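Notes for the structure review
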Amino acid sequence: MPAPKEGGIKGFLTRAGVSFYAGGLFMKEKGWVWAKKAGNIGFMVATTSIVVLMPLIFEIMREGQMIEADKLQVKELRQQGYSDGQLAELGFPKVAMGMKPAVLKSS
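Rules and cut-offs
- Residues numbered from 1 in each chain as written.
- Predicted model: local features only at pLDDT ≥ 70, side-chain atom pairs only at ≥ 80, totals over all residues.
- Heavy atoms only, no water.
- Helix = DSSP H or I, 4+ residues; strand = E, 2+ residues; numbered from the N terminus.
- Buried < 20%, exposed > 50% of the residue type's maximum accessible area, 1.4 Å probe, protein only.
- Areas by Shrake-Rupley, 256 points an atom, 1.4 Å probe, with all protein chains shown as cover.
- Phe/Tyr/Trp six-rings, centres within 6.5 Å; stacked < 30°, edge-to-face > 60°.
- Lys NZ or Arg CZ within 6 Å of the ring centre and 35° of its normal.
- Salt bridge = Lys/Arg side-chain N within 4 Å of Asp/Glu carboxyl O.

Once that is clear, we can look at the overall build of the protein. Each helix and strand in the protein was counted, giving two helices and zero strands. When the 107 residues of the protein are sorted by exposure, 9% land in the buried category. Carbon and sulfur atoms provide 68% of the accessible area of the protein, an area that totals close to 9,300 Å².

Next up on the list: the packing of aromatic side chains. Scanning all chains against the criterion turns up zero aromatic pairs. When the ring centre of Trp34 is taken as reference, the NZ or CZ atom of Lys37 above it lies at 4.9 Å.

This part takes up the pattern of salt bridges. Counting across every chain of the model gives two salt bridges. For Arg62, the salt bridge goes to Glu59, with nearest N and O atoms at 3.0 Å. Taken together, the positions of Arg62 and Glu59, both in helix α1 (residues 8-79) and three residues apart, correspond to about one turn of that helix. According to the relative accessible area criterion, Arg62 is partly exposed, its value standing at 47%. Given the relative accessible area of 36%, Glu59 is considered partly exposed. The closest approach of N and O atoms between Arg78 and Asp84, which form a salt bridge, is 2.5 Å. Assessed through its relative accessible area of 36%, Arg78 is described here as partly exposed.

Next comes the structure, spelled out in structure tokens:
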């Protein structure tokens, strides 16, 4: 025979406590499942980022170094009397000659 249900505030608090305990067990179980899924997704995002973005970052850094080296060469050649046209014929990029690229020029 089931225990009689208590009424009033004591019964409400008793039922609420049992309900909160059951909800806590459910959330603990589902929380671990979601934490594992989130961990797997985070691991995939991190490794993909490393594989994809690190080479891109290295290439951007190398490109910056090449532009700086070209700027030094352009500076030395200008001191020797070379014009912008001659430097362009030698293959120096416009950025190294101190000009804005065509995509940045306003029309």
